[in-house]
Structures are given as structure tokens and as C-alpha cells.
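Understanding the architecture of this molecule
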Amino acid sequence: GVLIFMSIEERVCFISAGSDVSYILPWWRLEDIVNGMKTNLRNGNYADALLSAINEVSAMIESGPPTASERAHDFFTRFGFVIAFSMVTFILALAGEYRDRRKRLTNAENRSRLTSIEVEKAKQLQCEFKATECPICLEPFINEESKLVRADTYGIPLYG
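A short tour of the structure in this document, coming up. (Residues numbered from 1 in each chain as written. Predicted model: local features only at pLDDT ≥ 70, side-chain atom pairs only at ≥ 80, totals over all residues. Heavy atoms only, no water.)

Side note on the packing of aromatic side chains
The criterion, for reference: Planes of paired rings set the category: under 30 degrees apart is stacked, over 60 is edge-to-face and the rest tilted, where pairs are Phe, Tyr or Trp rings (Trp by its six-membered ring) whose centres lie within 6.5 Å. Per the convention used, a helix needs a DSSP run of H or I reaching at least four residues, while a strand needs a run of E reaching at least two, with both numbered from the N terminus. Working definition: with a 1.4 Å probe on protein chains only, accessible area under 20% of the residue-type maximum means buried, over 50% means exposed, and in between means partly exposed.
Going through the model one piece at a time under the given rule, you end up with 3 aromatic pairs. Aromatic side chains Phe75 and Phe79 sit 5.2 Å apart centroid to centroid with 50° between the ring planes, which places their arrangement in the tilted category. Taken together, the residues Phe75 and Phe79, both in helix α3 (residues 68-112) and 4 residues apart, mark about one turn of the helix. Judged by relative accessible area, Phe75 falls into the partly exposed class, the value being 39%. Aromatic pair Phe81 and Phe85: ring centres 6.5 Å apart, planes at 20°, arrangement stacked. One end of the pair, Phe81, and the other, Phe85, are both in helix α3, 4 residues apart, so they sit about a helical turn from each other. The exposed category is assigned to Phe81, whose relative accessible area is 68%. You can call Phe85 exposed: its relative accessible area is 55%.

Right under this line is the structure:
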């Protein structure tokens, strides 16, 4: 069953649905009916407000349970702003993280870049370095004359 309660002196209007029709008339549908009654109640047309509520309740009972589109519409009407705000906040947080990560990477690349003086010093040290064994298998280098071959840090022989 359905109970429509109105108190004119206390300015209260309430609609309650019993357990048999609660799946057809969820709370948000009943709230829409009460909101539709407010204009008639404010104007003092109590009978019209009650009749319109009865007509809406009977029409909803005849139409059956709310469809998925009605449920979605109600959900987005109530929570659309919160969802939109959450999505915008999440996107801004992602953008900020991306910007910070990119900035850290750029700073690290700039700090690790050698100046021209440091490059020349590194080349001179590379010429002085003499590898005596393979960095992979650790066996000694032996060339045709049984001399050690000078190599860079990657094991590539140096000439000159």
C-alpha cells in the first residue's frame, strides 16, 4: 500500500510505500511526487495537490518499476556534480604528477650532462685506461704479438 500524509498546520507532506510496492515506488520517485505537490500546497490548493499525488502514484504503479534510464537519470541528477568534480580533480592530479615527473626527469638529465671541459677530461682518461681482461668473461686480452689491447669501458679496442 501507499500512505500519503499531509499536515497543513505543520506544513508537512510525506508519502510512504509499503514493502509490496517499494520496488515500483523507490524513495526518489516518491520525493519527485512530493516536489510536484509543493506548488499546489503553497497556493493553498490542498485537494488539487492530493489528487495530483494520487494520480502520479497510480500512474507509476501501472507503469511498473523504474527503467534503467530513469535510474541513471536520477543518479546523475543527484550525483552528477560530485562525479564531475571527482573526475576533474583526478585529471588535474594526473596532469600535476605528469608535469612533476617530467620536470624531475629534465632536471636529472641536465645535471648529468657533461660540460665540454669534462668531456675532454673523460676522453683523456679513456686513452689512459688499459683493460687487461674482457669485462664479460674476465679472460685476458691477447693479440697477435701477445700485447695487451687498450679498450674503452665497453671493451672496444682503442687506437692511437
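Considering the layout of surface pockets
Applicable threshold: Using a 1 Å grid laid over the protein atoms alone, points where a 1.4 Å probe fits but cannot get out form a cavity; open sets with protein on both sides within 12 Å along at least 5 of 7 lines form a pocket; any residue with an atom within 4 Å of a point counts as lining. Grid points are joined across faces, edges and corners, and a volume is the space filled by probe spheres set on the points. Amino acid classes used here: Ala, Val, Leu, Ile, Met, Phe, Trp, Tyr, Cys and Pro are nonpolar; Asp, Glu, Lys and Arg are charged; the rest, including Gly, are polar.
When its volume is computed, the largest pocket comes out at roughly 290 Å³. Lining the largest pocket, in full, are Met6, Ser7, Ile8, Arg11, Val12, Cys13, Val34, Lys38, Leu41, Arg42 and Tyr46. Going through the elements one at a time, β1 (2-7), β2 (12-17) and α1 (27-42) are the ones with two or more residues in the lining of the largest pocket. Of the residues forming the lining of the largest pocket, the biggest block, 4 residues, is contributed by α1. Residue classes in the lining of the largest pocket are distributed as 7 nonpolar, 1 polar and 3 charged.

Some details on the pattern of salt bridges
Should their charged atoms come close, side chains of opposite charge can pair. Going by this rule: Take a side-chain nitrogen of Lys or Arg and a carboxyl oxygen of Asp or Glu: if they are within 4 Å of each other, that pair is a salt bridge.
One pass over the structure, following the stated rule, counts 4 salt bridges. Among the ionic pairs, Asp100 bridges to Arg99, the shortest N-O distance being 3.3 Å. Salt bridges here are not isolated pairs; linked through shared partners, they connect Glu31, Asp74 and Arg78.

What to know about the environment of Pro157
The residue Pro157 is located in the segment after α4 (116-128) in this model. Overall, Pro157 belongs to the partly exposed group, its relative accessible area being 36%. It is 9.6 Å that separates the C-alpha atoms of Pro157 and Lys130, two residues lying 27 residues apart in sequence.

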